Amino acid sequence: MKPIIFSRPMTQVIPMLAGIIAMAGLLLASCQARRSSEAGAINAQEAAQRVYVAPGKYDEFYAFMSGGYSGQVSVYGLPSGRLFKIIPVFSQNPENGYGYSEETKPLLMTSYGFIPWDDAHHPELSQTNGVPDGRWLFINANNTPRVARIDLKTFETVETIEIPNSAGNHSSPFVTENTEYVVAGTRFSVPTPQQDVPIDSYKKNFKGVLSFIKVEPSGDMDLAFQVIMPGFDYDLAHAGKGKSKDWVFFTCYNSEEAHTLLEVNASQKDKDFVAAINWKKAEAYIQQGKYHQMPGTYYDNRFDTSTQTARSFVHKGVKVLIPAECPGLVYLIPAPKSPHGVDVDPSGNYIVANGKLNADLSVFSFDKMQQAIQQKQFDGEVNGIPVLKFDATLAGIVKSGGLGPLHTEFDDKGNAYTTFFISSEVVKWKLGTWQVEDRQPTFYSPGHLMIPGGDSRKPWGKYLVALNKITKDRYLPTGPELCQSAQLFDISGDKMKLLLDFPTVGEPHYAQAIPASILMPQSDKIYSLANNRNPYVTKTEKEARVVRNGRRIDVYMTEIRSHFVPDNIEGIHLGDTVYFHLTNLEQDWDAAHGFAVEGNRDNAELLLMPGQTKTLKWVPQRVGVFPFYCTDFCSALHQEMQGYIRVSAPAEQVALSWSTGKE
């Protein structure tokens, strides 16, 4: 059968041919990259010295990288590339019991029920006056739309909020200059509100939704309002800063509003758009009551650090604004060739939109955009949204000479750095002159890149990390599935210098970094046992006990080097459900304990930091005596840290009892 694609007009075939040419370009670029690898890297000994962190010394920066389809965030040191911690966010983590303990399960609750996995793409540090402040890290869930907040005192997830009326939460979560809002845009337009309609009614029924999540000074999030947009695909976003601080910019593609074979049908137009949203004006419209109430059920799950327990709050309904009814709220700026990244320079004046099917970069001016609005230099409208004239907003074109530009970050010297996926390189160019200053190959095909503070008003422009999509030939092979890859460049001089390759966990879409000097002083070392308000806490061994309430058994248990109290439990029967409430009595940094019990088929282990309380649910499956033990090597007598729980048949008359040290 003849492939459908060949029966289409040439205008639809051209993008496919462009793809073939692009792939050829990729192969050529890869070969060129190999040949130039010696020129791209500095002397090996010098590079090693620049990334070497001596034993007992600390890295200069924390780097937070998205875990992609692992649903996690990984924490690295720079410049060493050493992995410090995996922070579970949207996925259960058997290593420490996140999403398995009763205290953390609510963090994974949604209107669909318990969702134990997601696809995490873009970490974003909170900011004050446009500068990363080290309070929180936000990250998006792409699949079941959510945004999470991580407390950077404990490096633990403390809130997840679901986003209704959205699908494919990709252009998320980017903060405004003082973290007033986290913004989130839908990648996939869907029927809004959701309903059963024919897919080919896309242009009639499908809409895009841009969400604004209010962040309170405490950090608590709430969905403030949504803006109903045309049925495009909203790809990425960044908030303005300085003079543009009241605005947020979203790239979008598929202005053709296609619903099938998008690789062809969503590439027909020469230009798509950057959507510029004035969030200050949106606030005013909300206060004036010019919103509609739209159905939408969503969960907001908050972790109370005093009780060490998460609770779910269910909300119904959301305020929405319709741009045609709100003049000045939204403008569309034409941007060439399916733009992907949209990045705002430290001054807040230049907005870089990278068309991924383009070779050149379009840089727009916020000042010219304002002038074009005042002079009504419009080129039509879409759903009542004015389209600004391209030339009226354009500041300059960067003639890059590369292929497939994706993302741009900035240093503190007036330079910008852009990744080129197809030609597999990072290109450095000058703001204002638009001239290319340098280019270095990457290995291979970078997506995002990251400079510490590189999307803020205060970049720490010493290092650049390229987050690459292909790793073959770079590390020892591990079968068909290879690790992910990042590369560290020194950008302190005129020319970029490759220093280090290091593997990453999951797919590192985006990353953020901040000086260690900001985070280290505020890092918690223990959980205060005195301030532990978990309803199941056991603060002394004398308070340890076992309580029966019908078929529910509550075991209030303590851990300290190197025993449990109690460590012998009898009187449990088949049909009972046992809740082990573990409290780690230690108050010394790094004195952790674990807990696991045989035959626990529904949950994982628990890992408890000093002063922490966690609960594990266990449903006995058979009669017998079953051991439990500490899973974290806590002392020289760690192996002795164990206990037994006896499970009897329902008809057996075995009284409930518990003890430690009783022979």
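Cut-offs and rules
- Residues numbered from 1 in each chain as written.
- Predicted model: local features only at pLDDT ≥ 70, side-chain atom pairs only at ≥ 80, totals over all residues.
- Heavy atoms only, no water.
- Helix = DSSP H or I, 4+ residues; strand = E, 2+ residues; numbered from the N terminus.
- Buried < 20%, exposed > 50% of the residue type's maximum accessible area, 1.4 Å probe, protein only.
- Contact = heavy atoms within 4.5 Å.
- Areas by Shrake-Rupley, 256 points an atom, 1.4 Å probe, with all protein chains shown as cover.
- Lys, Arg positive; Asp, Glu negative; His and termini not counted.
- Charge placed at Lys NZ, Arg CZ, Asp CG, Glu CD.
- Pairing = 2+ DSSP bridges.
- Axes fitted to C-alpha atoms, helices over the stretch in contact; angles between N-to-C directions.
- Polar contact = N/O pair within 3.5 Å; in protein donor to acceptor, adjacent residues only side chain to side chain.
- Phe/Tyr/Trp six-rings, centres within 6.5 Å; stacked < 30°, edge-to-face > 60°.
- Lys NZ or Arg CZ within 6 Å of the ring centre and 35° of its normal.

**Q** Any details on the overall build of the chain? Residues and values, ideally.
**A** What the chain contains, in helices and strands, is nine helices and 46 strands. Projected onto its principal axes, the C-alpha coordinates of the chain cover approximately 85 × 65 × 60 Å. Residue burial in the chain is summarised as follows: out of 663 residues, 60% are buried. A fraction of 63% describes how many contacts in the chain between residues 6 or more apart in sequence connect residues 24 or more apart. Surface summary for the chain: the accessible area is close to 26900 Å², and the carbon and sulfur share equals 53%. Across the chain, the centroid of the 63 positively charged side chains sits 4 Å from that of the 72 negatively charged ones.

**Q** Mind laying out the pairing of strand 9 (residues 156-162), listing which residues take part and the relevant values?
**A** Burial within strand 9 is extensive, with six of its seven residues counted as buried. Where strand 8 (residues 146-151) lies against strand 9, six bridges are found, and the strand directions are antiparallel. Residue pairing for strand 9: Ile150 is matched across the bridge by Thr157. From the end of strand 8 to the start of strand 9, which pair antiparallel, there are four residues, and Phe155 there has a positive phi angle of about 60°.

**Q** Give a detailed account of the sheet that holds strand 28 (residues 415-420), specifying residues and quantitative values.
**A** With antiparallel pairing, four strands are arranged side by side in an open sheet as 27-28-29-30. The sheet is open, and its two borders are formed by strand 27 (405-410) and strand 30 (436-441), each paired with just one other strand. Pairs of neighbouring strands in the sheet enclose a mean axial angle of 20°, with direction left out of account. The pairing of strand 28 with strand 29 (residues 425-430) spans six bridges and is classified as antiparallel. Residue pairing for strand 29: Tyr417 is matched across the bridge by Lys428.

**Q** Quick rundown of unusual backbone geometry? Include the residues and the values.
**A** Residue Pro173 is bonded to the preceding Ser172 through a cis peptide linkage, with omega at -10°. By secondary structure assignment, the location of Pro173 is in strand 10 (residues 171-175). Residue Pro193 is reached from Thr192 by a cis peptide bond, and omega for that bond is -5°. Within the secondary structure, Pro193 sits in the loop between strand 12 (190-191) and helix 4 (202-205). Backbone geometry at Asn129 places phi at a positive 55°, although glycine is not the residue there. Summarising the element assignment, Asn129 is placed in the loop between strand 6 (124-128) and strand 7 (131-141).

**Q** Account for the pairing of strand 10, with residues named and values stated.
**A** The buried count for strand 10 comes to five of five residues, which makes it a mostly enclosed element. Strand direction decides the pairing type here: strand 10 and strand 11 (residues 181-185), joined by three bridges, are antiparallel. Pairing of Phe174 across the sheet is with Val183, part of strand 11. Connecting strand 10 to the next strand, strand 11, in antiparallel fashion are five residues, including Thr179 with a positive phi near 55°.

**Q** Report on the sheet that holds strand 46 (residues 657-659), specifying residues and quantitative values.
**A** Read across the sheet, six strands follow the order 42-41-44-45-39-46 without closing on themselves; strand pairing throughout is mixed. Taken across any chain shown, the strands that pair with only one partner, and hence form the sheet edges, are strand 42 (606-608) and strand 46. The sheet shows a mean angle of 20° between the axes of neighbouring strands, direction not considered. One ladder, built from three bridges, connects strand 41 (residues 593-597) with strand 42; its direction is antiparallel. In the strand pairing of strand 42, His593 is matched with Leu608.

**Q** Can you tell me about the side chain of Asp118, naming the residues and giving the values?
**A** By secondary structure assignment, the location of Asp118 is in the loop between strand 5 (113-114) and strand 6. By relative accessible area, which is 0% here, Asp118 ends up buried. At 2.7 Å, the side chain of Asp118 and the side chain of Arg146 are in polar contact. For Asp118, the contacting residues outside a window of four places in its chain are Gly68, Tyr69, Ser70, Gly71, Phe90, Ser91, Ala141, Asn142, Asn143, Thr144 and Arg146.

**Q** Give a detailed account of the packing of aromatic side chains, specifying residues and quantitative values.
**A** Applying the stated criterion to the full structure yields 29 aromatic pairs. Taking the centre distance of 5.9 Å and the plane angle of 40° together, the rings of Phe64 and Phe155 count as tilted. Of this pair, Phe64 sits in strand 1 (residues 61-66) while Phe155 sits in the loop between strand 8 and strand 9, placing them 91 residues apart in sequence. Residue class for Phe64 comes out buried when judged on its relative accessible area of 0%. With relative accessibility at 9%, the residue Phe155 sits in the buried group. Taking 6.2 Å as the distance between ring centres and 25° as the angle between the ring planes, the aromatic pair formed by Phe232 and Tyr234 counts as stacked. With respect to class, Phe232 is no different from Tyr234; both count as buried. These aromatic residues form a ring-pair network of at least three members: Phe564, Phe580, Phe595, Trp618, Phe626 and Phe628. The ring of Trp136 has Arg149 sitting right over it, with the charged end atom 5.4 Å from the ring centre. Over the ring of Phe390 we find Lys271, and its NZ or CZ is 4.8 Å from the ring centre.

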